[in-house]
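Listed below are the residues making up each chain.
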Amino acid sequence: MTDDSSLESAGKPAASPLWETWRTLRRNYLGVAGMVFFLVFLVVAVFGVAVTSGRHPIMDPSHIRLKERLKGPLSHYNPKAVEDEHKPPLGVYLLGTDQLGRDILARMLQGAWVSLTVGFVAVGISITVGVFFGGLAGYFGHWADAVIMRLVDIMLCIPRFILILTILALWGPGLFKIMVIVGLTSWMGTTRFVRAEFLSLRQQDFVTAAKALGSSHLRLIFRHMLPNALAPVLVSATIGIATAILLEAGLSFLGFGVPPPHATWGKILASGREYLFDAPWLTYIPGVTILVVVLSFNLFGEGLRDTLNPKLRQRGA
Amino acid sequence: MTGWRPKIEKDSKHQRATPTGSETLLEVHNLKKYFPVRRGLLRRIVAHIQAVDGVDLSIRRGGCLGLVGESGCGKTTTGRIILRLIEPDDGQIIFEGTRIESLPDNQMRLLRRKMQIIFQDPFSSLNPRFTVGGIISEGLKIFEADKGRQYINARIVELLRTVGLSPDAARRYPHEFSGGQRQRIGIARALALNPKFIVCDEPVSALDASIQAQVINLLEELQERLGLAYLFIAHDLSVVRHISDEIAVMYLGWIVERGPADEVCEDPLHPYTKALLSAVPSADPHARRKRIMLKGDVPTPVNPPPGCRFCPRCFTSDSSVCPVEVPPEREVRPGRFVRCHLVK
């Protein structure tokens, strides 16, 4: 009466979910390209903070060489004008210098770390808040749902950029403030995603089964429902990082970013504007970098979304 | 549905029924659940779906009550209300002598280990992110975590063997199994805490005929070995007749007839039961049967007919009483309850 024979054919030992995700993602070339850029960006940002910080950094992003202003990419340095300890690595300004003779490569590397932390911390905050509110709204429903969703509607009505500008104008600029404000103004999308997932998960039999086994509310939410609701959150997180980087660049461009002399991509872009015809690399380098990073995050996010969609997954047995 | 044939003779069940005694495990009185229908901008309640409207049931210790009816008649809702997975609007649920319909959540959770559920759909009832071992041991981790990892692992292996799966299934994920195997996993999960009572919510409706028989036999074997009581919900009378010692027939939120399984099947009293039974295919091609065709469709439970709910489709109705007066449940013969004006 047992079906042992069919059990044998039930398939090989479990492939881990992570491996299955990678198998599906591999076929999405743009997604893989996005992921590769994503990883390269991570490495560069970490490398950048290592070589540009400390009292005697290997590459000083804020050292001014007035005799070496607006030199083009790949131009050699002038040994007579610059002391040995401030010469660029390899003796070449790989990405040129700006109007104060500062090394653009060093400034870009310093800015990469800012973009990375702004992206991750802001998205971390927004995901935490979003999952919390979305989970509450979707799980408990009724008035919790009504209150939270109206709050979301209100938040969505406020033009985010104007709100951030107002707050920064009132309390002064600062990297940490930017991260927190960006995070606290971008959780609404996640809340909606998570709420929708929870609403549909709540009807699923396996959640009812967990309830019938005596699970507490917290156990139901965090152990049974949340792991099944995280796929769209992950996707919106990758795209959220890109949005946060753009937002920070925009703020820096307008002069509301991190206080000088710290470099960020938006600030390099902003200062290059005045030399658009004399030194176009000042705008192209940060501009194209922002474009590539944001695009790769978006591609990676969309690749993940397609991969994590269970309907596209090949299921064994 | 037609390929399924009873395995054991009817008599063995009744021999089994006597030594377990007739102590009542679960009683349900006047159970009601109305789901609100909301419309419009302000989500005002415009009507109620009368999903369950005054249901009485009782199940013996170690017994099996079969609950049959068309889809949408409230069978599943009834089963879930009894387990307090849906809150009842009115009525009493008495489990082992305790009124549980308004127990606070924390006390209800302690009772949950004694009452479990098996689901219809073996695909949505298992968490896709848990291994089979994780699914089965979830209840143990809630109630018996103090007994240690080793005990839980041993119990997982034991449960898998009990339901006829090999122990190495524990490390796999649900999607690697077939429907029948997944249903066995669901049964193992329900058995993990040694419950006294299991609601089987159409446990075989989603399975192939050959697998149906295996799962039914497994459920019967477990009932005998572990002294389980079942509320067996199904829309297929032949399946229910085989496993149950009592049958309740549901129609539009009412139980229209209940009584011992064989008596209800051999000699149905309510016209709806008669119609249902006439639709069961017979194994004997020469048997002469009259197929009763019901006219019309099941009326909506939002606005059920006044008087007898079955009246608009009934072939015996009396135009003076049936459409006007609600029939009470009457014990027409010893142990046989019918909700019909005309049954003598």
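Residues numbered from 1 in each chain as written. Chains lettered and ligands numbered in written order. Predicted model: local features only at pLDDT ≥ 70, side-chain atom pairs only at ≥ 80, totals over all residues. Heavy atoms only, no water.

Asker: Sorry, what's going on with the confidence of the model for chain B here?
Answerer: Predicted coordinates in regions of low pLDDT should not be interpreted in detail. Overall, the prediction assigns chain B a mean pLDDT of 85, with 92% of residues at 70 or greater. Across residues 5–21 of chain B, where pLDDT falls below 50, the model places 19 contacts with residues more than four positions away in sequence or in other chains. (pLDDT = per-residue confidence, 0-100. Contact = heavy atoms within 4.5 Å.)

Asker: Teacher, can you tell me more about the pairing of strand S7 (residues 197–201) of chain B here?
Answerer: In the case of a regular strand, side chains alternate between the two sheet surfaces. Residue and element names in this part refer to chain B. The element S7 is extensively covered by neighbouring structure, given that five of its five residues are classed as buried. Because side chains alternate across S7, one face comprises the buried residues Phe 197, Val 199 and Asp 201, and the other comprises Ile 198 and Cys 200, equally buried. Two elements, strand S6 (residues 115–118) and S7, share four bridges in a ladder whose sense is parallel. If you follow Ile 118 over to S7, its bridge partner there is Cys 200. Pairing of S7 with strand S8 (residues 229–234), which is carried by five bridges, proceeds in the parallel orientation. From the neighbouring strand, Cys 200 faces S8, where its bridge partner is Phe 232. (Buried < 20%, exposed > 50% of the residue type's maximum accessible area, 1.4 Å probe, protein only. Helix = DSSP H or I, 4+ residues; strand = E, 2+ residues; numbered from the N terminus. Pairing = 2+ DSSP bridges.)

Asker: Any chance you could explain a nonpolar patch on the surface here in plain terms?
Answerer: Residue and element names in this part refer to chain A. On the surface, Phe 37, Tyr 284, Val 288, Leu 291 and Val 292 cluster together into a nonpolar patch covering about 490 Å² of accessible area. The element that contributes the greatest number of residues to the nonpolar patch is helix H12 (residues 281–308), accounting for four residues. Following the sequence through the fold, Val 292 ends up in helix H12. What makes Val 292 partly exposed here is its relative accessible area of 30%. (Patch = residues over 30% accessible without salt bridge, like charges linked within 9 Å, V, L, I, M, F, W, Y side chains within 5 Å. Areas by Shrake-Rupley, 256 points an atom, 1.4 Å probe, with all protein chains shown as cover. Salt bridge = Lys/Arg side-chain N within 4 Å of Asp/Glu carboxyl O.)

Asker: Explain the nonpolar core to me, please; I cannot follow it from the model alone.
Answerer: Across soluble globular proteins, nonpolar side chains have a tendency to be buried as a group. Ranked by internal contacts, the top residues of the largest apolar core, which has 63 residues, are Ile187(B), Tyr230(B), Phe232(B) and Ile247(B). Apart from the residues within four sequence positions on either side, Phe232(B) is in contact with Cys64(B), Leu65(B), Gly66(B), Leu67(B), Cys200(B), Pro203(B), Ile216(B), Leu219(B), Val239(B), Val240(B) and Ile243(B). Core analysis: the next-biggest nonpolar cluster, separate from the first, contains 46 residues, Leu25(A), Leu116(A), Leu201(A) and Val294(A) among them. (Core = buried A, V, L, I, M, F, W, Y, C linked by side-chain atoms within 4.5 Å.)

Asker: Got a minute to help me understand the environment of Leu269(B) in this structure?
Answerer: Residues and elements named next belong to chain B. With respect to the helices, strands and loops of the structure, Leu 269 is situated in the loop between helix H9 (261–266) and helix H10 (271–278). Sequence separation of Leu 269 and Val 338 is 69 residues, and the distance between their C-alpha atoms is 7.3 Å. Discounting chain neighbours no more than four positions away, the residues touching Leu 269 are Glu 257, Lys 274, Val 332, Arg 333, Arg 336, Val 338 and Val 343.

Asker: Quick question: what am I supposed to make of the environment of Arg172(B) here?
Answerer: Residues and elements named next belong to chain B. With respect to the helices and strands, Arg 172 occurs in the loop between helix H5 (148–162) and helix H6 (179–191). Once the C-alpha coordinates of Arg 172 and Val 68 are considered, the two residues, 104 residues apart in sequence, prove to be 35 Å apart. Within polar-contact distance, the side chain of Arg 172 engages the side chain of Asp 168 at 3.4 Å. (Polar contact = N/O pair within 3.5 Å; in protein donor to acceptor, adjacent residues only side chain to side chain.)

Asker: Help me understand the side chain of Thr117(A) in this model?
Answerer: Residue and element names in this part refer to chain A. Mapped onto the secondary structure, Thr 117 falls in helix H4 (residues 104–140). Of note is the side chain of Thr 117, whose polar atom sits 3.0 Å from the backbone oxygen of Val 114. In contact with Thr 117, not counting residues within four places along its chain, are Ala 122 and Met 179.

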